[in-house]
Amino acid sequence: MKKEKSGRLKSVSYSKYGLLFVLPFFIAYILFSLWPLISTFYYSFFEYITRNLRTSVEFCGFQNYRNVLGLADGERAYFLTYLGNTLRLWILNFIPQVLLALLIAAWLTDNRVKLRRKGLYKVLVYMPNIITAASISLLFYALLSKLGPVMSTLRSWGVIGASADVMTSKWATSLTISFILFWMWYGNSTLLLIAGMMGINASLYEAADIDGATGRQKFFYVTLPLLKPVLLYVLVTSAIGGLQLYDIPALFNTGTGGGLIGLPDDTSTTVTMYIMRLHASDTGRAAAVSVLLFLITLAISLLFFRVFQDDRGHHARLGRASRRGEKEAQA
Amino acid sequence: MKSDLRELRRRKVLRNAVLIFLCLLSLLPFYLMFVNATRTSNQIKGGISFLFGASLSANLRNFGDAQVGLGISVLGAMLNSFKIAVPFTLLSVYFSALTAYGIYAYEFKLKKFAWGFIMAVMMVPTQVFAIGYYRFMIQLKLIDTYWPLIIPAITTPAVVFFMRQYLQGALPLEIIEAARIDGSGEFHTFNTIVLPLMKPALATQAIFQFVFCWNNLFLPTLIISSSSKKTLTMFVQMLTAESFRADYGVVFVGLAITILPMFIMYFILSRFIVEGVSLGGVKE
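Parameters at a glance
- Every chain is numbered on its own, with residues counted from 1 as its sequence reads.
- Naming scheme: in the order in which they are written, chains are lettered from A and ligands are numbered from 1.
- In view of the model being predicted, local features appear only for residues whose pLDDT reaches at least 70, and side-chain atom pairs are presented and counted only at 80 or more, with totals across whole chains, interfaces and linings using the full set of residues.
- What counts as a helix is a DSSP run of H or I of at least four residues, what counts as a strand is a run of E of at least two, and both are numbered from the N terminus.
- As a reference, a globule follows 2.2 Å times the number of residues to the power 0.38, and the radius of gyration itself is taken over C-alpha atoms.
- Comment: burial labels come from other C-beta atoms within 10 Å of the residue's own C-beta, placed from the backbone, where a count of 20 or more is buried, 12 or fewer is exposed, and between is partly exposed.
- Here, residues touch in the contact sense if the C-beta positions derived from the backbone fall within 7 Å of one another.
- In this classification, the charged set is Asp, Glu, Lys and Arg, the nonpolar set is Ala, Val, Leu, Ile, Met, Phe, Trp, Tyr, Cys and Pro, and all remaining amino acids, among them Gly, are polar.
- As a per-residue quantity, pLDDT reports the predictor's confidence and falls between 0 and 100.
- We define the nonpolar core as any set of buried residues of the types Ala, Val, Leu, Ile, Met, Phe, Trp, Tyr and Cys, connected via C-beta atoms lying within 7 Å of each other.
- Orientation is described by axes fitted as lines to C-alpha atoms, over the contacting stretch for helices, and by angles from 0 to 180 degrees between their N-to-C directions.
- Comment on the angle field: the value is read as roughly parallel under 35 degrees, roughly antiparallel over 145, roughly perpendicular from 65 to 115, and oblique elsewhere.
- Left-handed is the label given to a crossing in which the near helix is rotated counterclockwise from the far helix by less than a right angle, and right-handed is the label when the rotation is clockwise.
- Should DSSP find at least two bridges between two strands, the strands are taken to pair.

Engineer: Just give me the short version of the overall build of chain B, but keep the residues and values in it.
Structural biologist: The number of helices and strands found in chain B is 15 helices and zero strands. Scaling as 2.2 N^0.38, a compact globule of 284 residues should have a C-alpha radius of gyration of about 19 Å, whereas chain B reaches 24 Å, well beyond that. C-alpha extents for chain B along the principal axes are approximately 75 × 75 × 35 Å. Taken across its 284 residues, chain B has 43% of its residues classed as buried. In chain B, of all internal contacts separated by at least 6 residues, the share reaching a separation of at least 24 is 77%.

If you want it as C-alpha cells, here you go:
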C-alpha cells in the first residue's frame, strides 16, 4: 500500500517529462501533416488561374469538386474514372493475393504435414516486397513490351499472334499491373497470416482432433474465424495502400512526355497519378481530388475500427468458448 | 495406416512443389534481368535466354554514354538516396522510441489522448495531404531541398506503435526507478539505459524505414526538381525516356544497377526482415 502511494507521487512529479518526450512528435505532426491536411481542404475551394505568368486565386466554392466529378459543363469525371482504374487494379490483385496467402500460411503452419526449408520459402516468397517498386515496374515493362524477350519468345512459339501487345490492351495492361502488385505483396500477407495463425491457441486444434475434425474442417471452423482480426488488418492496410497506388502504374506503360497518362487510353491512370499531374498547374483541382481520396480512406478506416471493435466482442466470446473447450477436453 | 502415410507424403510433395514454383517465380524476373543485362539489344529482341551473354561491358559502356544527358549518374542518384535515407532512418527510430517511451513510462494528463491520436493517424497516408505539404514547402523556401523528405521522419506513427508494444515486453519500470535512485536524469536514462535495451526493435524498424525511404517515389517527385538532386527512384523513372527505350541492353543493365543494392541487402538481412514483418502485424 505504502509503496503504491510513493509510486504515484513519483509519477506526478515526473509527468512533465512524459509530455516533453512526446512533444517533438506532436509539434512535427501538427506542422508537417495536420497543417498541410487542413490547408489542402482550404485550397480545394479556390480556383487557380494562370495568365501571362501571373496566377490569380479566387474563391470558387465547390467548383473544383464539381469539375473533377464531371458535374460541371464540359468537364469529364476524371476523379471517378481514375478511382475506377485504381479499384480495378487493386481488386484484381487482392483477391488472388489473400487466397494464396491463406493457403501458403496454412501449409507453413501445418503440424501434420511438416515441411522442411520453411525459412527459405518465407525469405524467397517475401523478397519482391523489399525491392524498389519503380525498378520492378520498369523491369516488367521491358520484359513484356512488344519487342521485348517474353513477347518475342511467345510469338515464335505461336502462343500469341504477330500483332499481340500487352501495352495496347486495357485488360492485359491492368492484369499485368495487378500481377506485379500480387507478386510483390502476397509474401507480406502470408507472413502476417502466419503470425496470426501461430497466435491461435493450440488446444483448440487438440480439441478439434479429439472430435475427429479433418484438416479442412479445422481450417474453416477454427483457423478462419479466429484469424478474422488479422484478415481485416490485411484487407484494410491493403485497401488504403491500394488507393494510393502510384509507383507501379506511373512507370508501367505510361505515355512519354511526363504527362503521367496510364496507357492505353488513360485506363491505367490512378488517382495519385492524377494528383501528381495537377499538383503544379492546378492546385485547387489537385486539392479537391486529395480531399475526396482522404474522405474515402477515412471511411474505410472507420468501418475497419467498427468491425474490429464488434469483432473484439466476438473474439472475447470465442476466447471464453475456447477456455470452456479446454475444460471440456480435460474432463 | 500405410495408405495414410502415403497420403501424407503425397501432400508433402505437392506442397513442396507449389512452394518451390513460387520461389522460382520470385527469382525469375530478376534472373532474366541479370541475363539480359549481358546480352545485346538484338539478342534480347530475339527472345528469352537463360544463359548469360558476353555484352555486359558493352552495355555498361552504352549505359554510361546514355546517362550523360540526364544531368545525374546512377551512382550520384544512389548517393542522393543514401543522403536522404540515412538521416530519415535515424530520426525516425530515435523520435519514435522517444515518443513511445514518453507514453509508456510516464503518467501525464494528455497521455490517453496522445496515444489515441497516434493510433488514429496511423492510417492517414501522405498522399492525401501532399498538395498542402507541397505549397507549405514552397512558402518555407524548402522546395528542391532534402529537408522536406527528411523532416517527416520525426512523425512515423506506425513505428511509435511498434516501439510501445516492444517496450511493454522489454522494459520493466523498476529499471527506470533504479536509475532515478542512482541519480540519473530522465533524458540521460532514456539515452543510456532505455535505448540500448531497445536495440532489437530499433534495428528492425531501422531496416524497414530505410527501405521505405529508399524506395519512395511519390514525395521526391513532388519536391525535387533539379536533375543533380534526383533520387534513385527518380533516376529509374528517367530510364523510361525514349533515349533508353531504343536499346534494351542498356535498360536492363541500368535496372540491374538500381536493384542490386536492395538485392544484396535483402540477402544479408533477410532473416531479420522476415521476423520483423511477422512482428509488425496486429497483436492482441
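Anyway, onward from the coordinates.
Engineer: Go over the overall build of chain A with me, naming the residues and quoting the values.
Structural biologist: When you go through chain A residue by residue, the secondary structure sums to 14 helices and two strands. Relative to its 331 residues, chain A shows a buried fraction of 39%.

Engineer: Before we move on, could you go through the interface of chain A and chain B and cite the residues and values that matter?
Structural biologist: Facing 76 residues of chain A, the contacting portion of chain B comprises 78 residues. Broken down by element, the side of chain A that touches chain B gets its largest block of residues, 18 residues, from helix α2 (residues 15-43) of chain A. Among the residues forming the side of chain A that touches chain B, the class breakdown is 52 nonpolar, 22 polar and two charged.

Engineer: Which residues make up the confidence of the model for chain B, and what values go with them?
Structural biologist: Mean pLDDT over chain B works out to 89, with 97% of the residues at or above the 70 mark. The ipTM, which scores confidence in the relative placement of chains, is 0.90 for this predicted complex, and the corresponding pTM is 0.88.

Engineer: Before we move on, can you summarise the confidence of the model for chain A with the specific residues and values?
Structural biologist: When pLDDT is low, close inspection of the predicted coordinates is not appropriate. Residue and element names in this part refer to chain A. The pLDDT averaged across chain A works out to 84; a share of 89% of its residues lies at or above 70. Within chain A, the lowest mean pLDDT, 48, falls on helix α1 (residues 2-13), and the highest, 94, falls on helix α4 (residues 78-108). For the stretch residues 1-12, pLDDT sits under 50, and the model shows two contacts to residues farther than four places along the chain or on other chains. Across residues 315-331, where pLDDT falls below 50, the model places twelve contacts with residues more than four positions away in sequence or in other chains.

Engineer: So what's going on with the environment of leucine 197 of chain B? Which residues, and what values?
Structural biologist: All names here are of chain B. Along the polypeptide, leucine 197 turns up in helix α10 (residues 186-197). C-beta crowding within 10 Å serves as the criterion here: with 15 such atoms nearby, leucine 197 is assigned to the partly exposed category. Each C-alpha atom, one on leucine 197 and one on alanine 170, is 7.4 Å from the other, the two residues being 27 residues apart in sequence. With residues up to four places along the chain from it excluded, the contact list for leucine 197 reads Ala170 and Leu171.

Engineer: Account for unusual backbone geometry, with residues named and values stated.
Structural biologist: In this structure, asparagine 253 of chain A is a non-glycine residue whose phi angle is positive, near 55 degrees. By secondary structure assignment, the location of asparagine 253 of chain A is in the loop between α12 (247-251) and α13 (271-278). If you check the backbone angles, aspartate 144 of chain B has positive phi at about 65 degrees while not being a glycine. Relative to the helices and strands, aspartate 144 of chain B resides in the loop between α6 (130-139) and α7 (147-150). The partly exposed category is assigned to aspartate 144 of chain B, around which 13 C-beta atoms lie within 10 Å.

Engineer: Which residues make up the nonpolar core, and what values do they have?
Structural biologist: Among the nonpolar cores identified, the biggest contains 159 residues, and Leu138, Ile275 and Val289 of chain A together with Tyr101, Met163 and Phe252 of chain B are the most heavily contacted of them. It is helix α4 (residues 74-105) of chain B that contributes the most residues to this core, 15 residues altogether. Setting aside residues up to four positions removed in sequence, leucine 138 of chain A forms contacts with Leu251 of chain A together with Val236, Leu239, Thr240 and Leu255 of chain B.

Engineer: So what's going on with the environment of threonine 155 of chain B? Residues and values would help.
Structural biologist: Structurally, threonine 155 of chain B is set in the loop between α7 and α8 (157-170). In this structure the C-alpha to C-alpha distance between threonine 155 of chain B and methionine 122 of chain B, which are 33 residues apart in sequence, comes to 9.9 Å. In contact with threonine 155 of chain B, not counting residues within four places along its chain, are Phe25, Ala28, Tyr29, Phe32 and Ser33 of chain A.

Engineer: Outline the packing of α8 of chain B against helix α11 (residues 199-215) of chain B, supporting the account with residue identities and numerical values.
Structural biologist: All names here are of chain B. It is at 10 Å that the axes of α8 and α11 come closest, and there the two elements cross at 165 degrees. The angle between α8 and α11 places the two elements in the roughly antiparallel class. Crossing angle aside, the handedness with which α8 passes α11 is right-handed. On the side of α8, the interface is formed by Val159, Phe162, Met163 and Tyr166, while α11 contributes Ala201, Gln205 and Gln209.

Engineer: Go over the packing of helix α5 (residues 111-121) of chain B against α8 of chain B with me, naming the residues and quoting the values.
Structural biologist: All names here are of chain B. It is at 8 Å that the axes of α5 and α8 come closest, and there the two elements cross at 125 degrees. Our classification of the angle between α5 and α8 gives oblique. Note on packing geometry: the crossing formed by α5 with α8 is left-handed. Where α5 abuts α8, its residues Ile118, Met119 and Val121 lie against Pro157, Val160 and Phe161. Its residues assigned to classes, the contact of α5 with α8 shows six nonpolar, no polar and no charged.

Engineer: I'd like a rundown of the environment of tyrosine 82 of chain A, residues and numbers included.
Structural biologist: All names here are of chain A. Within the secondary structure layout, tyrosine 82 lies in helix α4. A residue is classified by how many C-beta atoms lie within 10 Å of it, and tyrosine 82, with 25 of them, is buried. In this structure, the C-alpha to C-alpha distance between tyrosine 82 and aspartate 266, residues 184 residues apart in sequence, is 8.4 Å.

Engineer: Please provide a residue-by-residue account of the pairing of strand β1 (residues 46-51) of chain A, values included.
Structural biologist: All names here are of chain A. Bridge analysis of β1 against strand β2 (residues 54-59) gives six bridges, and the strand direction is antiparallel. For arginine 51, the partnering residue across the bridge sits in β2 and is arginine 54. Here β1 hands over to β2 after two residues, with asparagine 52 in that stretch at a positive phi of 50 degrees.

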